[in-house]
Amino acid sequence: AQSVTQPDIHITVSEGASLELRCNYSYGATPYLFWYVQSPGQGLQLLLKYFSGDTLVQGIKGFEAEFKRSQSSFNLRKPSVHWSDAAEYFCAVDLSGGYNKLIFGAGTRLAVHP
Amino acid sequence: ETGVTQSPTHLIKTRGQQVTLRCSSQSGHNTVSWYQQALGQGPQFIFQYYREEENGRGNFPPRFSGLQFPNYSSELNVNALELDDSALYLCASSLMGLPGGTDTQYFGPGTRLTVL
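Residues numbered from 1 in each chain as written. Chains lettered and ligands numbered in written order. Predicted model: local features only at pLDDT ≥ 70, side-chain atom pairs only at ≥ 80, totals over all residues. Heavy atoms only, no water.

How do you make sense of the pairing of strand 8 (residues 64-68) of chain A when you look at a structure like this?
Two faces make up the sheet, and in a regular strand the side chains alternate between them. Residues and elements named next belong to chain A. As paired elements, strand 7 (residues 56-58) and strand 8 share three bridges and run antiparallel to each other. Looking at strand 8, one finds that Gln58 is bridged to Glu64. Linking strand 7 to strand 8, which pair antiparallel, is a turn of five residues; within it Lys61 sits at a positive phi near 60 degrees. Connecting strand 8 to the next strand, strand 9 (residues 73-78), in antiparallel fashion are four residues, including Ser72 with a positive phi near 50 degrees. (Pairing = 2+ DSSP bridges. Helix = DSSP H or I, 4+ residues; strand = E, 2+ residues; numbered from the N terminus.)

Please clarify how the interface of chain A and chain B should be interpreted in this entry.
Accessible area lost upon the coming together of the parts is a frequently used measure of interface size. In this assembly, 19 residues from chain A lie in contact with 24 residues from chain B. Buried area between chain A and chain B, summed over both chains or domains, comes out near 1500 Å², and the portion from carbon and sulfur atoms is 49%. The largest share of the area that chain A buries against chain B comes from A:Tyr99, A:Asn100 and A:Lys101, three residues that together contribute 35% of it. At the junction of chain A with chain B, the criterion picks out zero salt bridges. Counting residues per element, the ones that place at least two in the side of chain A that touches chain B are strand 5 (32-38), strand 6 (44-50) and strand 11 (102-104) of chain A. (Contact = heavy atoms within 4.5 Å. Buried area = accessible area lost by both parts, 1.4 Å probe. Salt bridge = Lys/Arg side-chain N within 4 Å of Asp/Glu carboxyl O.)

Can you walk me through the nonpolar core in this structure?
Taken as a class, soluble globular proteins show a tendency for nonpolar side chains to be buried jointly. In terms of nonpolar packing, the biggest core is built from 26 residues, with A:Leu19, A:Trp35, A:Leu47, A:Leu48, A:Phe74, A:Leu76 and A:Tyr89 touching the most fellow members. Residue assignment for this core shows that the elements contributing at least two residues are strand 2 (10-14), strand 3 (19-21), strand 5, strand 6, strand 8, strand 9, strand 10 (87-94) and strand 12 (108-113) of chain A. Counting 20 residues, the second largest nonpolar core, distinct from the first, contains B:Cys23, B:Leu76, B:Ala87 and B:Leu113. (Core = buried A, V, L, I, M, F, W, Y, C linked by side-chain atoms within 4.5 Å. Buried < 20%, exposed > 50% of the residue type's maximum accessible area, 1.4 Å probe, protein only.)

Could you clarify how one ought to interpret the environment of A:Ser72 in this entry?
Residues and elements named next belong to chain A. Tracing the chain through its elements places Ser72 in the loop between strand 8 and strand 9. The exposure class assigned to Ser72 is partly exposed, which follows from its relative accessible area of 23%. In the structure, Ser72 is positioned 52 residues away from Glu20 in sequence and 16 Å away in space, judged by C-alpha atoms. Look past the residues within four positions of Ser72 in its chain and what remains in contact with it is Cys23, Asn24 and Tyr25.

None of the figures reported here should be taken as evidence of function without further support.
And the structure:
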């Protein structure tokens, strides 16, 4: 079955440290790939997306993600985390060819220590 | 802020009742998708509406139904509520009809439904 796996349920980093959140998908072809962030009581905000082309994608708030076809991964990174980055992060895939019918992972909750 | 609004913010119902949730899409958008997000989980796609017609459905029973109106706002209706329907319900709007599919979708803040 097609799925999205985020292996880390909860990650804690210190402010200023680097961050990598993992995402793997199970699908035969390359889907459209997304990372969203959700702060408490808020909806989902799109950080970045990958459709094709350059496998390193730049997003908002200093985030980037790298698509690796051989590993079926789309990991999210940030070189220096800020306290305001504490939130829940969701990886998602679109198997509908760009029609926004997304399958989400279970999420990774990020805590940031001062 | 995305321009997608949802009402009500919170709702409490009892098992067996029916509920209607509302979504006002971002100006210029013609497509609305609904997602269910249970506590501690990622959102799950319920269905999508495009130009007032259902345009795809996830693995949800028929007691989950929807409507889209000419102004592209939308309703999600759930009949015969069950305890497991307790969740955050998110709607997202986008503009379909562009070359290659659809533009970025924007999510509303959600409606928190509690079923007792």
